Amino acid sequence: MAKVVELLSYPVKGCAGMSAHAAVLTPAGLAHDRGFMVISEEGVFRSQRRHPRLALIRPWIGADGQRLTLGAPDADPVVIDVDASGPLREVELFGAPFRGVDQGDAAAAWLSGVLGVPSRLVRVPDDHERVTDGRTPGTSGYADSCAVHILSRATLDLLNERLDERGAPPLPMDRFRPNIVVDGWNTPHTEDRAHRITIGDTELGYAKLAIRCAVTMVDQRSGAKAGPEPLRTLAAYRRAAEGGVAFGTKYAVLRPGKLSVGDEVHVTSWGASEF
């Protein structure tokens, strides 16, 4: 029996995750997931690809989304009263234009001090319109692409076996920043073939494979790059036809609702892997 063993949202894109026993799944993913984004003064998003210290920033946001707390080592936490309706500014995510509600000078000063570069914080506006790609279209906030990322323990276990064969240490699940971790699929990469899933009140539709980037080489606990793994090992057995390496899958939300750790994961439609 497959079941959910971890639920993780990432309120601020690129920053640490927030674990929960239960969560609300919205059309754009887990509530508040990637609802905020750190940007340069020019409006370009900041990522662990160039700013690995983002991993050290630990956000916390309440269920009502009214107040966001940011913490980091060697820095006093800052509490932000979330502005959902202030003036909009232009922002850029992977070259695509979007808009964001600036969260003020206190948040900007705190982020600039922690990251060592001038930065600001924006929130997804309520009228945010974004259509994500893949086999099942959907929407998301400031996520790289689709609303939900699922990864199974069996898939990570296989990678760690391959790393061990190379004499490399195992990697924790947080290197891959999933939203939903599934246990009970005994065959690695079962998520590649799970094309329609129900969990709790929710339903998800397969969008595409998750193509991994250099963020997987960032130690999420130290905020430092620790490559070349896992990309070197993944390239030996998970190189995708479209380029890059595939590890985990992305889903669009077909039916919002509630889901919890311990919920059974029911695959209602199987399909061939795109790998």
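Going by the structure above, here's the rest.
Residues numbered from 1 in each chain as written. Predicted model: local features only at pLDDT ≥ 70, side-chain atom pairs only at ≥ 80, totals over all residues. Heavy atoms only, no water.

1. Here's the deal with the overall build of the protein chain
Rule in force here: Where helices and strands are cited, they refer to DSSP runs of H or I of at least four residues and of E of at least two residues respectively, numbered from the N terminus. Note that the radius of gyration is over C-alpha atoms, with the globule rule given as 2.2 Å times the number of residues to the power 0.38. Think of it in three bands: with a 1.4 Å probe and only protein chains considered, a residue is buried below 20% of the maximum accessible area for its type, exposed above 50%, and partly exposed in between. Working rule for contacts: check all heavy atoms of both residues, and any pair within 4.5 Å makes them a contact. Only the protein chains shown count as cover for residues, and the accessible areas themselves come from Shrake-Rupley with a 1.4 Å probe. For the charge count, each Lys or Arg is scored as positive and each Asp or Glu as negative, with His and the chain ends excluded. Here the site of a charge means atom NZ of a Lys, CZ of an Arg, CG of an Asp or CD of a Glu.
When helices and strands are tallied, the protein chain shows three helices and 21 strands. Rg of the C-alpha trace for the protein chain: 18 Å, near the compact-globule value of 19 Å for 275 residues, within the 12% margin. Seen along its three principal axes, the alpha-carbon backbone of the protein chain occupies a region of about 50 × 40 × 35 Å. Looking at the protein chain residue by residue over its 275 residues, the buried ones come to 54%. The contacts in the protein chain between residues at least 6 apart in sequence include a share of 69% that link residues at least 24 apart. With an accessible surface of roughly 12,000 Å², the protein chain has 49% of that area assigned to carbon and sulfur atoms. Side chains of the protein chain give 32 positive and 34 negative charges; the mean places of these two sets differ by 4 Å.

2. Re the nonpolar core
Just so we agree on the cut-off: Here the nonpolar core consists of buried residues drawn from Ala, Val, Leu, Ile, Met, Phe, Trp, Tyr and Cys, with membership extended through side-chain atoms lying within 4.5 Å.
Of all hydrophobic cores here, the largest spans 25 residues; its most connected members are Val148, Ile150, Ile180, Trp185, Ile197 and Leu204. Leave out the neighbours within four places in its chain, and Val148 touches Leu25, Gly29, Asn179, Ile180, Leu204, Thr249, Lys250, Tyr251 and Val253. Residues Cys15, Phe36, Leu54 and Leu70 belong to the second largest nonpolar core, which totals 20 residues.

3. Quick word on the sheet that holds strand S14 (residues 180-183)
Hydrogen bonds between backbone groups are what pair the strands of a sheet, and the pairing can be parallel or antiparallel. Formally: Two strands pair under a simple rule: DSSP has to find at least two bridges between them. To obtain each axis, a line is fitted to C-alpha atoms, and for helices this fit is confined to the stretch in contact; angles are then taken between N-to-C directions over 0 to 180 degrees.
The eight strands are arranged S3-S1-S14-S13-S19-S16-S15-S21 in an open sheet whose pairing can be described as mixed. The open sheet has two edge strands, strand S3 (18-20) and strand S21 (265-270), and neither has a second partner. Shown here is a sheet whose adjacent strand axes are inclined to one another by a mean of 35°, direction ignored. The pairing of strand S15 (residues 194-199) with S21 spans five bridges and is classified as antiparallel. The residue bridging Arg196 from the neighbouring strand is Ser269, located in S21. Sheet strands touched by helix H2 (residues 153-165): strand S1 (3-9), strand S13 (148-152), S14 and strand S19 (245-255). Its angle to S13, the strand with the most contacts, is close to 60°.

4. Concerning unusual backbone geometry
Going from Gly227 to Pro228, the amide bond is cis rather than trans, its omega being 15°. In this structure, the amide linkage connecting Glu229 to the following residue, Pro230, adopts the cis form with an omega of 10°. With respect to the secondary-structure elements, Pro230 resides in the loop between strand S18 (224-225) and helix H3 (231-237). At Arg34, a position not held by glycine, the phi torsion is positive, near 50°. Within the secondary structure layout, Arg34 lies in the loop between strand S5 (29-30) and strand S6 (36-39). One non-glycine residue, Phe94, lies in the positive phi region at around 50°. When you line up the elements, Phe94 lands in the loop between strand S10 (88-93) and strand S11 (96-102).

5. Digging into the pattern of salt bridges
Put simply, the rule reads: Salt bridge, as used here, is a side-chain nitrogen of Lys or Arg placed within 4 Å of a carboxyl oxygen of Asp or Glu.
If you walk through the whole model with that rule in mind, you get 17 salt bridges. Salt-bridge contacts for Arg120 lead to Asp105; the nearest nitrogen and oxygen are separated by 2.9 Å. In this pair, Arg120 sits in strand S12 (residues 120-123) while Asp105 sits in helix H1 (residues 105-115), placing the two residues 15 residues apart along the sequence. The class for Arg120 is buried, based on a relative accessible area of 18%. A residue is classified by how much of its surface remains accessible, and Asp105, at 57% relative accessible area, is exposed. Between Glu203 and Arg196 there is a salt bridge whose closest N-O contact spans 3.8 Å. Each of Arg89, Asp102, Asp105 and Arg120 takes part in salt bridges that share partners, so that together they form one network.

6. Comments concerning the sheet that holds strand S7 (residues 58-61)
What the three strands build is an open sheet, ordered S7-S8-S9; its pairing is antiparallel. Taken across any chain shown, the strands that pair with only one partner, and hence form the sheet edges, are S7 and strand S9 (75-81). On average, each strand axis in the sheet is tilted by 15° relative to the strand beside it, whichever way the strands run. As judged from the four bridges shared by S7 and strand S8 (residues 67-72), these two strands associate in the antiparallel manner. Its bridge partner lying in S8, Pro59 is registered against Leu70. Packing of H1 onto the sheet brings it into contact with S8 and S9, and relative to S9 it is tilted by some 150°.

Remember, this is a structural readout, not a statement about activity or role.
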